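Single-letter residue listing:
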Amino acid sequence: TFKVKMENFAKPNENTEKDIIVDKANEWVEISVDFTDAGATNFDRLVLFPGWDVSNAGIFYIDDIDQK
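Here the structure is a predicted model, which means the values were calculated and not measured. For every chain, the first residue of its written sequence is number 1, and the numbers climb from 1 along that sequence. Predicted model: local features are reported for residues with pLDDT of at least 70 only, side-chain atom pairs are reported and counted for 80 or more only, and whole-chain, interface and lining totals are derived from all residues. Excluded from the side-chain calculation are hydrogens and water; included are all heavy atoms of the structure.

K.L.:
Please clarify how the layout of surface pockets should be interpreted in this entry.
P.N.:
For each structure, a 1 Å grid was placed over the protein atoms alone; sets of points admitting a 1.4 Å probe that cannot get out are labelled cavities, open sets with protein on both sides within 12 Å along at least five of seven lines are labelled pockets, and lining residues have an atom within 4 Å of a point. Grid points are joined across faces, edges and corners, and a volume is the space filled by probe spheres set on the points. The calculated volume of the largest pocket comes to roughly 1500 Å³. As for the largest pocket, its lining consists of 37 residues, of which F2, I31, S32, V33 and I65 are closest to the centre. Each helix is a run of H or I in the DSSP string that is no shorter than four residues. Each strand is a run of E no shorter than two, and both are numbered from the N terminus. For the lining of the largest pocket, the secondary-structure elements that each account for two or more residues are β1 (2-7) and β3 (45-49). Looking at which element gives the most residues to the lining of the largest pocket, the answer is β1, with three residues. Along the lines of polarity and charge, the residues of the lining of the largest pocket split into 21 nonpolar, eight polar and eight charged. Amino acid classes used here: Ala, Val, Leu, Ile, Met, Phe, Trp, Tyr, Cys and Pro are nonpolar; Asp, Glu, Lys and Arg are charged; the rest, including Gly, are polar.

K.L.:
I'm lost on unusual backbone geometry in this one. Help?
P.N.:
In most cases, non-glycine residues show a negative phi, while peptide bonds are predominantly trans. Positioned with a positive phi, N26 is a non-glycine residue whose angle comes to about 60°. Tracing the backbone shows N26 in the loop between β2 (15-20) and β3. Throughout this description, buried means an accessible area under 20% of the type-specific maximum (1.4 Å probe, protein chains only), exposed means over 50%, and partly exposed covers the range between. Using a relative accessible area of 83% as the deciding quantity, one classes N26 as exposed. With a phi close to 55°, D64 is a non-glycine residue in the positive phi region.

Structural data, given as C-alpha cells:
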C-alpha cells in the first residue's frame, strides 16, 4: 500500500489521505491519486508513505510528481 496524504500545515486536523494498492515489485509503477473529493481546503503539504504498514518494505524510488 502506498499512502498519499494532503495536509494543511496551519491546521493539522485538516487533512485527507488515500491508499493506493501497488501489486508490482522491482519495476516502475505509475500511480494516480484523485483528491477532487477533498473540497476547496487549502492543503500545502504532500506526504508520501510508500510501503505503508509493511515492516521492511524495501527501497522505493519516487520520480516525476505532477499536480493537475
